[in-house]
Amino acid sequence: MSWGCRILKVDPERPDEASLRVAAEAIRRGGLVAFPTETVYGLGADALNPRAVKKIFEVKGRPPDNPLIVHISDWEMLGRIADEVPKAALKLARKFWPGPLTLVLKRKKVIPDEVTAGLPTVAVRMPAHEVALKLIRLSDTPIAAPSANPSGRPSPTTGSHVLRDLDCKVDVILDGGETYFGLESTIIDVTRNPPVLLRPGPIAVEDVEKALGERVMVTDESRGLSHAERPLAPGMKYRHYAPDTPVVLVDVNPSDIVTVVESAVRELNKLDWKAGLVGSTNLIWLVVGYGLRKGRMPLKIYDLGRGEKPHVAARRLYHVLRKIDEHSLPAAVVLPFPEEGIGLAVMNRLRKAASRRVSG
Ligand code: AMP
Ligand code: MG
């Protein structure tokens, strides 16, 4: 493992070629590079080099049975690593790549077991970010990359998050500012029939179904509601995205406003209102309004924007989960979002980040 790294600022739209060459050289030599994508920052290594891939697991403290997503820059690379590309996969790739959609496909033998945790499949994605695409192209190899944070913590959405999280235990950090979506990719397993949603993300299941012309299976696991003994996607069994501060999620349908407000107030009362309050603008102000009438106020308010615009909440989510720790609050109460579009992903992450859920 190398200690001490090069931090190179890059323009996310027109990245400087010299910086990318330094990073690509690190990848080709079996090193680690943190880089921006349109979802979150990735911690990348040459996907065909098992020793390089092992370093990712060491640096993140990631359990070895949690497989990695392999990032490609063009269609030719897909042919190098995937054994079979079913019709459904082609339809989705044509429609959403480059973009925040990961497809689980049968793998070729060149992909080492370290990447796939020994599975016969590989998760693949073509990111929609100039820095990521050019880095892969210049490295001339697919890049395996999970999020660039210690396992279990909120994912990094800025270069400075990466630096804080990884403490320079990588060779190069490409700092391209803030990522666009702020949440990890949608994962669809197209080796199953019907296709299965393994993780909700920026591409809505509704849009995947429209592109496929068929239904996609959405399990309780992918909504973050249950932890199966033998999960469909191995990483699903782990707690994720969690700040140190205890997080209580009010897991009630947000259209049931009365129950949401009553539950939140009950939880805040238990905490003597010494807590942060996280949620959409409309719900937050209903809870705060109630508190003010009783002369109470939460310690800190984290407004994730209007409930009907969940992509704004998605983009702010990890910032807020990190801020909660920085503000050293005793606890945070989080209000729910509708599970539509990217809202499904927001609720999945909140359920996994929560230390406790209350449902009315
Ligand atoms: P992360 O790198 O943290 O974004 O997580 C990647 C996730 O992709 C893992 O936790 C798995 O849930 C999923 N994944 C990766 N490879 C496979 C695979 N071959 N089959 C099923 N799920 C996978
Ligand atoms: Mg991750």
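Scoring rules and cut-offs
- Residues numbered from 1 in each chain as written.
- Chains lettered and ligands numbered in written order.
- Predicted model: local features only at pLDDT ≥ 70, side-chain atom pairs only at ≥ 80, totals over all residues.
- Heavy atoms only, no water.
- Core = buried A, V, L, I, M, F, W, Y, C linked by side-chain atoms within 4.5 Å.
- Buried < 20%, exposed > 50% of the residue type's maximum accessible area, 1.4 Å probe, protein only.
- Contact = heavy atoms within 4.5 Å.
- Near = heavy atom within 4 Å.
- Polar contact = N/O pair within 3.5 Å; in protein donor to acceptor, adjacent residues only side chain to side chain.
- Areas by Shrake-Rupley, 256 points an atom, 1.4 Å probe, with all protein chains shown as cover.
- Helix = DSSP H or I, 4+ residues; strand = E, 2+ residues; numbered from the N terminus.
- Nonpolar A, V, L, I, M, F, W, Y, C, P; charged D, E, K, R; others polar.
- Axes fitted to C-alpha atoms, helices over the stretch in contact; angles between N-to-C directions.
- Parallel < 35°, antiparallel > 145°, perpendicular 65-115°, else oblique.
- Left-handed = near helix turned anticlockwise from the far one by under 90°.
- Salt bridge = Lys/Arg side-chain N within 4 Å of Asp/Glu carboxyl O.
- Pairing = 2+ DSSP bridges.
- Phe/Tyr/Trp six-rings, centres within 6.5 Å; stacked < 30°, edge-to-face > 60°.

**Q** In this structure, what is going on with the nonpolar core? I would like to understand it.
**A** Side chains of a nonpolar character, in soluble globular proteins, are inclined to be buried together. Grouped together as the largest cluster of nonpolar side chains are 67 residues, with contacts concentrated most on Leu103, Leu135 and Leu174. When residues no more than four places from it in sequence are discounted, the contact partners of Leu103 are Ala89, Leu92, Ala93, Trp97, Val122, Ala123, Val124, Ile188 and Val190.

**Q** Is there a simple way to explain the site of ligand 1 in this structure?
**A** Around ligand 1 there are 17 residues in total, and Arg62, Asn66, Thr121, Pro146 and Arg199 lie nearest to it. Measuring from an oxygen atom of ligand 1, one finds a side-chain N or O atom of Arg62 at 3.1 Å. Compared with its free state, where it exposes 500 Å², ligand 1 has 92% of that area covered by protein. Broken down by secondary-structure element, the contributors of at least two residues to the shell around ligand 1 are strand 7 (121–125) and strand 11 (196–199). Considering each element in turn, the shell around ligand 1 owes the most residues, three residues, to strand 7. When grouped by side-chain class, the residues that make up the shell around ligand 1 number 12 nonpolar, three polar and two charged.

**Q** Any chance you could explain the packing of helix 9 (residues 257–270) against helix 10 (residues 281–293) here in plain terms?
**A** A pair of packed helices can be characterised by two numbers: the angle between their axes and the separation between those axes. Relative orientation of the contacting elements helix 9 and helix 10 amounts to 55 degrees, with a least axis distance of 10 Å. When the axes of helix 9 and helix 10 are compared, the pair comes out oblique. Where helix 9 crosses over helix 10, the two elements pack in a sense that is right-handed. Where helix 9 abuts helix 10, its residues Ile257, Val260, Val261, Ala264, Val265 and Leu268 lie against Leu283, Leu286, Val287 and Tyr290. Partitioned by chemical class, the residues of the contact of helix 9 with helix 10 number 10 nonpolar, no polar and no charged.

**Q** Sorry if this is basic, but what is going on with the side chain of Glu209 here?
**A** Within the secondary structure, Glu209 sits in helix 8 (residues 205–212). Every residue in contact with Glu209, bar those within four places of it in the chain, is listed here: Glu214, Arg215 and Val216.

**Q** I would appreciate a short explanation of the pattern of salt bridges in the present structure.
**A** Side chains that differ in charge, positive against negative, can pair when their charged atoms come close. Within the structure shown, the criterion is met by 29 salt bridges. Ionic pairing is found between Arg351 and Asp251, a salt bridge with its closest N-O pair at 2.7 Å. Of this pair, Arg351 sits in helix 12 (residues 343–353) while Asp251 sits in the loop between strand 13 (247–250) and helix 9, placing them 100 residues apart in sequence. Taking relative accessible area as the criterion, Arg351 reaches 7% and is therefore assigned buried. Salt bridges sharing common partners tie together Asp220, Arg223, Asp251, Glu339, Arg351 and Arg357.

**Q** Could you clarify how one ought to interpret the sheet that holds strand 13 in this entry?
**A** Two modes of strand pairing occur in sheets, parallel and antiparallel, and in both the strands are linked by backbone hydrogen bonds. With parallel pairing, five strands are arranged side by side in an open sheet as 15-14-16-13-17. Strands with a single pairing partner mark the edges of an open sheet, and in this sheet they are strand 15 (300–303) and strand 17 (356–358). Averaged over all pairs of adjacent strands, the angle between their axes in this sheet comes to 20 degrees, without regard to strand direction. On top of the sheet, helix 9 reaches strand 13, strand 14 (276–279), strand 16 (332–334) and strand 17; it is set at about 160 degrees to strand 13, its chief contact. This element, helix 11 (residues 310–326), spans strand 14, strand 15 and strand 16 of the sheet and lies at about 165 degrees to strand 15.

**Q** Mind showing me how you'd approach the packing of aromatic side chains here?
**A** In this description, an aromatic ring pair is defined by two values, namely the gap between the centres and the angle between the planes. Applying the stated rule across the entire model yields three aromatic pairs. Geometrically, the ring pair formed by Trp75 and Trp97 is tilted, given 5.8 Å between the ring centres and 40 degrees between the ring planes. A residue pair is termed long-range when its members are at least 10 positions apart, and Trp75 in helix 3 (residues 75–81) and Trp97 in the loop between helix 4 (87–96) and strand 6 (101–107) qualify at 22 residues. According to the relative accessible area criterion, Trp75 is partly exposed, its value standing at 40%. Residue Trp97 is classed as buried on the basis of its relative accessible area of 7%.

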